[in-house]
Amino acid sequence: MNTAFLNVESSATGRRWVGPSVDADRLAEAMAQATRLPLPLARVLVARGVTPDEAGGFLEPTLRDLLPDPRRLKDMEAAAARFLAAVKRGEPIAVFADYDVDGGASAALLLTWLRTMGRQATLYIPDRIDEGYGPNVPAMAALARDHRLILCVDCGTLSHEPIAAAKGADVVVLDHHLGAETLPPAVAVVNPNRQDEEGDLGHLCAASVVFLMLVEANRQLRAEGAQGPDLMAMLDLVALATVADVAPLVGVNRALVRQGLKVMARRGRPGLVALADVARMDQMPNTYHLGFLLGPRVNAGGRIGAADLGARLLATDDPHEAQALAARLDALNTERREIENRVREEALAQAEARGLEAPLVWAAGEGWHPGVVGIVAARLKEATNRPAVVIGLDGAEGKGSARSVAGVDLGAAVQRVAAEGLLIKGGGHRMAAGLTVARDQLEPAMERLAALLAKQGAGAQGPRDLRLDGLLMPAAATPHLIEEIEKAGPFGQGAPAPRFAFAGMQILGPRRIGESHLRFSFGDGMGPRIDAIAFGAFDGPLGPMLADPGVARFHLAGRLEINSWGGRSKVQLRLEDAARA
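About the criteria used
Residues numbered from 1 in each chain as written. Predicted model: local features only at pLDDT ≥ 70, side-chain atom pairs only at ≥ 80, totals over all residues. Heavy atoms only, no water. 1 Å grid on protein atoms, 1.4 Å probe; cavity = no way out; pocket = protein on both sides within 12 Å on 5 of 7 lines; lining within 4 Å. Points joined across faces, edges and corners; volume = space filled by probe spheres on them. Helix = DSSP H or I, 4+ residues; strand = E, 2+ residues; numbered from the N terminus. Phe/Tyr/Trp six-rings, centres within 6.5 Å; stacked < 30°, edge-to-face > 60°. Lys NZ or Arg CZ within 6 Å of the ring centre and 35° of its normal. Nonpolar A, V, L, I, M, F, W, Y, C, P; charged D, E, K, R; others polar. Axes fitted to C-alpha atoms, helices over the stretch in contact; angles between N-to-C directions. Parallel < 35°, antiparallel > 145°, perpendicular 65-115°, else oblique. Left-handed = near helix turned anticlockwise from the far one by under 90°. Contact = heavy atoms within 4.5 Å. Pairing = 2+ DSSP bridges. Buried < 20%, exposed > 50% of the residue type's maximum accessible area, 1.4 Å probe, protein only. Polar contact = N/O pair within 3.5 Å; in protein donor to acceptor, adjacent residues only side chain to side chain. Expected span 1.5 Å × (residues − 1). Arc of directions from axis to C-beta. Salt bridge = Lys/Arg side-chain N within 4 Å of Asp/Glu carboxyl O.

### Details of empty space enclosed by the protein
Okay, so step 1: Under the definition given, this model contains one cavity of 30 Å³ or more.
Okay, so step 2: Along the walls of the largest cavity sit Asp-98, Tyr-99, Asp-100, Gly-104, Ile-125, Val-298, Gly-302, Ala-307, Gly-310 and Ala-311, which together make up its complete lining.
Okay, so step 3: Breaking the lining of the largest cavity down by element, the ones donating at least two residues are α13 (287–304) and α14 (309–315).

### Regarding the packing of aromatic side chains
Okay, so step 1: One pass over the full model with this rule turns up five aromatic pairs.
Okay, so step 2: Lying over the aromatic face of Phe-538, Arg-512 brings its terminal NZ or CZ to 4.0 Å of the ring centre.
Okay, so step 3: The cationic tip of Arg-574 hangs over the ring face of Tyr-288; the distance from NZ or CZ to the ring centre is 4.7 Å.

### A closer look at the layout of surface pockets
Okay, so step 1: In this structure, the second largest pocket encloses a volume near 370 Å³.
Okay, so step 2: In the lining of the second largest pocket, the residues fall into seven nonpolar, nine polar and four charged.

### Focus on the packing of helix α6 (residues 101–116) against helix α9 (residues 206–223)
Okay, so step 1: Here α6 crosses α9 at 20 degrees, and the two axes come no closer than 8 Å. Judged by the inter-axis angle, α6 sits roughly parallel to α9. Crossing hand, α6 versus α9: right-handed. Here Asp-102, Ala-105, Ser-106, Leu-109, Leu-110 and Trp-113 of α6 come into contact with α9, specifically with Ala-206, Ala-207, Val-210, Phe-211, Met-213, Leu-214, Ala-217, Asn-218 and Leu-221.
Okay, so step 2: The class makeup of the residues in the contact of α6 with α9 is 12 nonpolar, two polar and one charged.

### Some thoughts on the sheet that holds strand β7 (residues 361–366)
Okay, so step 1: The five strands are arranged β7-β8-β9-β11-β10 in an open sheet whose pairing can be described as mixed. The sheet terminates laterally at β7 and β10 (425–428), the two strands that pair on one side only. Strand-to-strand twist of the sheet, defined as the mean angle between neighbouring strand axes without regard to direction, takes the value 15 degrees.
Okay, so step 2: Across seven bridges, strand β9 (residues 397–403) lies against strand β11 (residues 432–438) in antiparallel orientation. Its bridge partner lying in β11, Ala-402 is registered against Ala-433.
Okay, so step 3: Strands β9, β10 and β11 of the sheet are contacted by helix α17 (residues 410–419), whose axis makes an angle of about 160 degrees with β10.

### Some details on the environment of Ala-30
Okay, so step 1: Along the polypeptide, Ala-30 turns up in helix α1 (residues 22–35).
Okay, so step 2: Distance from Ala-30 to Phe-502, taken between C-alpha atoms, is 23 Å for residues 472 residues apart in sequence.

### A look at the pairing of strand β13 (residues 500–513)
Okay, so step 1: Note: β13 against strand β16 (residues 553–565), five bridges, orientation antiparallel. Each bridged residue has a counterpart across the sheet, and for Phe-502 the counterpart in β16 is Leu-556.
Okay, so step 2: Relative to strand β14 (residues 517–523), β13 runs antiparallel, the two being bridged by six bridges. Note that in β14 the partner of Ile-513 across the bridge is His-517.
Okay, so step 3: Taking the residues between adjacent antiparallel strands as the criterion, β13 and β14 are bridged by three residues, where Gly-514 takes a positive phi near 65 degrees.

### Overview of the pairing of β10
Okay, so step 1: When β10 meets β11, the two strands line up antiparallel, connected through four bridges. Bridging from a neighbouring strand, Gly-426 pairs with Leu-435 of β11.
Okay, so step 2: Connecting β10 to the next strand, β11, in antiparallel fashion are three residues.

### Thoughts on the side chain of Thr-157
Okay, so step 1: Of note, Thr-157 is situated in the loop between β4 (149–153) and α8 (160–164).
Okay, so step 2: Taking relative accessible area as the criterion, Thr-157 reaches 2% and is therefore assigned buried.
Okay, so step 3: Of the polar contacts made by the side chain of Thr-157, one reaches the side chain of Asp-175; its length is 2.6 Å.

### Brief notes about α1
Okay, so step 1: With 14 residues, α1 should cover 20 Å at 1.5 Å per step; its first-to-last C-alpha distance of 20 Å lies within 8% of that length.
Okay, so step 2: Along α1, the residues classified as buried are Ala-28, Met-31 and Ala-32. On an axial view of α1, the arc spanned by its buried residues comes to 100 degrees, and they lie on one face. Projecting away from the buried face of α1 at angles above 90 degrees are the exposed residues Val-22, Arg-26, Leu-27, Gln-33 and Ala-34.
Okay, so step 3: A positive phi of about 60 degrees marks Arg-36, the residue just after α1.

### Things to note about the packing of helix α12 (residues 270–278) against helix α15 (residues 319–354)
Okay, so step 1: In contact at an axis separation of 8 Å, α12 and α15 are set at 45 degrees when each is read in the N-to-C sense. Relative to α15, the element α12 is oriented oblique. Between α12 and α15 lies a crossing whose hand is right-handed. Contacts between α12 and α15 involve Pro-270, Gly-271, Ala-274, Leu-275 and Val-278 from the first element and Pro-319, Ala-322, Gln-323, Ala-326, Ala-327 and Asp-330 from the second.
Okay, so step 2: Per-class residue counts for the contact of α12 with α15 are eight nonpolar, two polar and one charged.

### Some points on the side chain of Asp-154
Okay, so step 1: Structurally, Asp-154 can be placed in the loop between β4 and α8.
Okay, so step 2: Polar side-chain contacts of Asp-154 include one of 3.3 Å to the backbone nitrogen of Gly-103.

### Points about α15
Okay, so step 1: With 36 residues, α15 should cover 52 Å at 1.5 Å per step; its first-to-last C-alpha distance of 50 Å lies within 8% of that length.
Okay, so step 2: Its side-chain oxygen at 2.9 Å from the backbone nitrogen of His-320, Asp-318 defines the N-terminal cap of α15.

### Notes on the pattern of salt bridges
When the charged atoms of two side chains with opposite charge come close together, those side chains can pair.
Okay, so step 1: For the structure on display, the rule yields 34 salt bridges.
Okay, so step 2: With a shortest N-O distance of 3.1 Å, Glu-576 and Arg-499 are connected by a salt bridge. With Glu-576 in strand β17 (residues 568–580) and Arg-499 in the loop between α19 (479–486) and β13, this pair connects stretches of sequence that are 77 residues apart. Across this residue pair, the class does not change: Glu-576 and Arg-499 are buried.

### Side note on the environment of Arg-115
Okay, so step 1: Secondary-structure assignment places Arg-115 in helix α6.
Okay, so step 2: Of the residues examined, Arg-115 reaches a relative accessible area of 34% and is grouped as partly exposed.
Okay, so step 3: Along the backbone, Arg-115 and Ala-537 are 422 residues apart, and their C-alpha atoms lie at a distance of 47 Å.
Okay, so step 4: Residues within four places of Arg-115 in sequence aside, it is in contact with Ala-315, Thr-316 and Asp-317.

Interpretation in functional terms is not warranted from these geometric data alone.
Right, here's the structure in full:
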């Protein structure tokens, strides 16, 4: 085994630090020389498999270069043609969307496009508790009585019976969840994760699939000499959905999110403006804001309130309505956090009692709110670096959500357990899945799921490694360097933000912020000091260790960012780990 980075075999959080290999360092130095890029940025690019020849294109991803031809996806031409026919003929249209951010953004894309064309559509989002995920027979039959076209977004690929129940209406499915061997009886099923697709676009979220359908619709309009709406102005919705649905930020997703963030910064969408204001966002939007400030608030309605609040917020063009909806979602999000904290404590205790070293970490509890089990599963996954399932039991059944780790296809495994009869139903995609299980099948279902995940390598890599992109001196951590490194972004799922170490630092002025956060500055005694923030430090060992450092020196590891406050911008380290030097 190679020597631990800075000889840190067990840090404050019990992790072994792993730095770039000798080969990676050599490649980074060669790239820095060939491209004249800063060495820390070259290290980040090498870690992502980028060559010197590819560096320029990687740092400036464009939709012109990366956006796929929509017609690469099966049924795309038919879907766009049927959609346009309904628009031209003035047929009543319904949009049936999932209740999460991806579903809401997908619906908002369609509603915005239609409004620009002088058309409207009925929005239908099922209640998470009463109806569950995806189309159901009563809802589809009712919609079909009053509409000639039903667009199912972020759902529908496995909904054979509900789509068959939509008598008298055509159904178009725009989805990204894993498909089965047969497709439902729809006019078109556009899904990069259909079994008969090549799979190279499988990383797209549903909003991206909807966006591509609108690209195709605009193309068909142009062929007729007509003009469609400005799609570039809608990329803020695609960016939000991509990040919030934890789609990997690779390939075209990088370009969609980067451009979408620029659109969002222009503050042209009333719903996102109102939501950013209630979330007290006072900086240029980035992926952190999308994933941790905006996304959870959009989701709050679907989790514990009215399911359609998020989609209505994203689609509205009325600033007053947007402010009212944003305030309601913000309040629901606060309530959601309180419910989540209770469930998380119980789930973690149960999972720890069962053991955290297995390929699958899971917990099930009586009356756990179905709206928070997905978030709690994500927390368990993050804490253990293993796929996690959290299930709320009610009567003879339990409804749960699952979250995966990189390299483990959770959706396929859940789908297989469902096909084997151990689940009432289940499905999803690589990183997330949902399931319904009979109470008396809970243990065997989880045992089988764990076995399938173990075959994919789940549990083989412990949570003990902290991967670092290199070592920096405080004097090198300048705003200019951070701006250069940001060009390798956006960062998120599949493209983690670079993490750097600072060796032998003095801790200066540590102070507790709020209930559990720690703020301090650090330096090497020779160069400038850098501010640092450690969120949740007092929930673990980091806070107590650094709050009273004495004369000791510490190795620090985290992600660099620019903190803008009061019109000033300063470098800040978002601390993740530390070790005594």
